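Geometric and topological summary
Here are the chains, one letter per residue:
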Amino acid sequence: MTNDLIPNLTAFDGDSLDKAFADLDKQAREAAVKIDGPDAIEVFRLEWLGRKQGKLTLVSDQWLKAAPAEAKKAVGQRFKALKELVEKLLEDASGAGPSDAALKAEAVDITLPGSRRLMGAEHPITRTLNEIVSVFASLGYSVGVGPEVETDFYNFESMNFPPGHPARDTQDTLVVANQERRPLRDRLLLRTHTSPVQMRTMELQPPPVRIVIPGKVHRNDAADATHSPIFHQVEGLCVDTSITFSDLKGTLDHAMKALFGSSVKTRFFPSFFPFTEPSADVQISCIFCGGKGCRKCKHSGWIELLGCGMVDPAVFSFAAEKQPDYDPKRISGFAFGMGVERIAMMKYGISEIGQFYAGDMRFLGQFA
Ligand SMILES: [Zn+2]
């Protein structure tokens, strides 16, 4: 196909190409000099860059396509240089900026009312969790994380719940199906507490250790006003030489005062957890009545809030399989764990745990 806007090209050697492109180069420069206003700019643009009949389109369609394979590169390079020249000429002719018409088309009506964006805010669970973590961070604790799908070994066995231990039944566990052919310790389950991260951390890092472990845990509990099959815990672990129960009491007393106010008192009661010995439940003086007795504290003046204890030597023995420095004869430590939902419910006076997960903006908006 030929077109009288550009000559037909028959020879593709370097000299012929140079001459053909030089002619177009000259035409473009001469045309550009004659531009004398916005209309002429548009005429020039159409003549050279028009999508169907522009000379550059024709060069591409006719010369480039007709070129034999070995000449394609030479034609392409010259075509590119020509295109750059035309664009430059057009830019120079157009002066400083876009045309008035282009500006008008892009104009924004600043008198229209704006669209208001809702401010995001931390979810009350996230906020409480971060508050707890920051209390311990200021004591020098770092944050440990681990998987939510855990093996039986990390969730139970290494935490001193041996197979068949009755304490396993108290945590109705959600297990992954079709695992019967695996050895018990390798079977997968949804972690019932954040404690497995204690073991994972100790296996990776020799003592001393000071970590808090915030995270989601799962139990096969029916949902009611205060229970949910998914909830959040913050677990803590401190291991070093000569850590005593006094350190545990002092740390948790400070943490409760930091979370609930300096007038809060704590007291410790003997309890049982497989992974600590001795173990204790911690109560704080009722934050609603100041300890005088009210409906919230069942008129006792105290509210039970978390569990804790000195790390059981059996747990250290499991850690020592990979890190021999966890020798229960040379080191000691304490651990504690608390439910984030429970603390958030107390802090914000929430009576239904389900409110946290319902995604109701009327509820969540109060925390923005
Ligand atoms: Zn009370």
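Procedures and definitions
- In this convention, every chain numbers its residues from 1, walking through the sequence in written order.
- Per-residue local features of the predicted model are confined to residues with pLDDT of at least 70, and side-chain atom pairs are confined, for both listing and counting, to 80 or more; whole-chain, interface and lining totals are unaffected and use all residues.
- Each side-chain value is derived from all of the structure's non-hydrogen atoms; neither hydrogens nor water enter the calculation.
- Counting from the N terminus, the helices are the DSSP runs of H or I reaching at least four residues and the strands are the DSSP runs of E reaching at least two.
- Only N, O and S atoms count as donors, using a 2.8 Å cut-off from the metal and 3.2 Å for Na, K and Ca, and because water is excluded some sites may appear unfinished.
- Geometry is assigned from the angles between donors: four donors with all angles from 85 to 135 degrees make a tetrahedral site, four or six donors whose opposite pairs exceed 155 degrees while the rest stay between 65 and 115 make square planar or octahedral sites respectively, and everything else is labelled irregular.
- Residues enter a nonpolar core if they are buried and are Ala, Val, Leu, Ile, Met, Phe, Trp, Tyr or Cys, with the set joined through side-chain atoms within 4.5 Å.
- The classification of residues rests on relative accessible area computed with a 1.4 Å probe and restricted to protein chains. Under 20% of the type maximum is buried, over 50% is exposed, and intermediate values are partly exposed.
- When checking whether two residues touch, look at their non-hydrogen atoms; a contact exists if any pair is within 4.5 Å.
- Pairing of aromatic side chains here covers Phe, Tyr and the six-membered ring of Trp, requires ring centres within 6.5 Å, and sorts the geometry by plane angle: under 30 degrees stacked, over 60 edge-to-face, intermediate tilted.
- Think of a salt bridge as a Lys or Arg side-chain nitrogen and an Asp or Glu carboxyl oxygen that are within 4 Å of each other.
- One bridge is not enough; two strands pair if DSSP finds at least two bridges between them.

**With respect to the environment of Ala280**
The topology assignment puts Ala280 in strand E7 (residues 276-285). Sequence separation between Ala280 and Ala223 is 57 residues, and the spatial gap between their C-alpha atoms is 27 Å.

**Observations concerning the coordination of the zinc ion**
Bound to the zinc ion are the protein donor atoms Cys286 (SG), Cys289 (SG), Cys294 (SG) and Cys297 (SG), situated 2.2 to 2.3 Å from the metal. What the four donor atoms of the zinc ion show is an angle range of 103 to 114 degrees at the metal, which sorts the shape as tetrahedral.

**Things to note about the nonpolar core**
Grouped together as the largest cluster of nonpolar side chains are 44 residues, with contacts concentrated most on Phe136, Leu252, Met256, Phe260, Phe336 and Met338. Of all the elements in the fold, those that place two or more residues in this core are helix H6 (124-137), strand E5 (230-240), helix H10 (245-260), E7, strand E8 (302-311), strand E9 (332-339) and helix H12 (340-348). Setting aside its immediate chain neighbours within four residues, Phe336 contacts Phe136, Val212, Val234, Glu235, Gly236, Leu252, Leu306, Gly307 and Cys308.

**A closer look at the packing of aromatic side chains**
Taken as a whole and assessed by the stated rule, the structure comprises 16 aromatic pairs. Each ring, one from Phe136 and one from Phe336, has its centre 4.9 Å from the other, and the planes form 25 degrees; the classification is stacked. Taken as a pair, Phe136 in helix H6 and Phe336 in strand E9 lie far apart in primary sequence, 200 residues in all. Each member of the pair Phe136 and Phe336 is classed as buried. Each ring, one from Phe153 and one from Tyr154, has its centre 5.1 Å from the other, and the planes form 75 degrees; the classification is edge-to-face.

**With respect to the pattern of salt bridges**
Following the criterion strictly, the structure yields 17 salt bridges and no others. The closest approach of N and O atoms between Arg45 and Glu42, which form a salt bridge, is 3.0 Å. Of this pair, Arg45 and Glu42 both sit in helix H2 (residues 38-49), three residues apart, which is roughly one turn of that helix. Taking relative accessible area as the criterion, Arg45 reaches 31% and is therefore assigned partly exposed. A relative accessible area of 36% places Glu42 in the partly exposed class. Put simply, Lys322 and Glu203 hold a salt bridge, and the shortest N to O gap is 3.6 Å. Placement of Lys322 in the loop between helix H11 (313-320) and E9 and of Glu203 in helix H9 (residues 196-204) is noted, with a sequence separation of 119 residues between them. Overall, Glu203 belongs to the buried group, its relative accessible area being 12%.

**Some thoughts on the pairing of E7**
In terms of burial, E7 is largely enclosed, as eight of its ten residues are buried. Taken together, strand E6 (residues 266-273) and the strand that follows it, E7, pair antiparallel across an intervening segment of two residues. In terms of strand pairing, E7 meets E8 through eight bridges, oriented antiparallel. Within E8, the residue paired with Asp281 across the bridge is Gly307.

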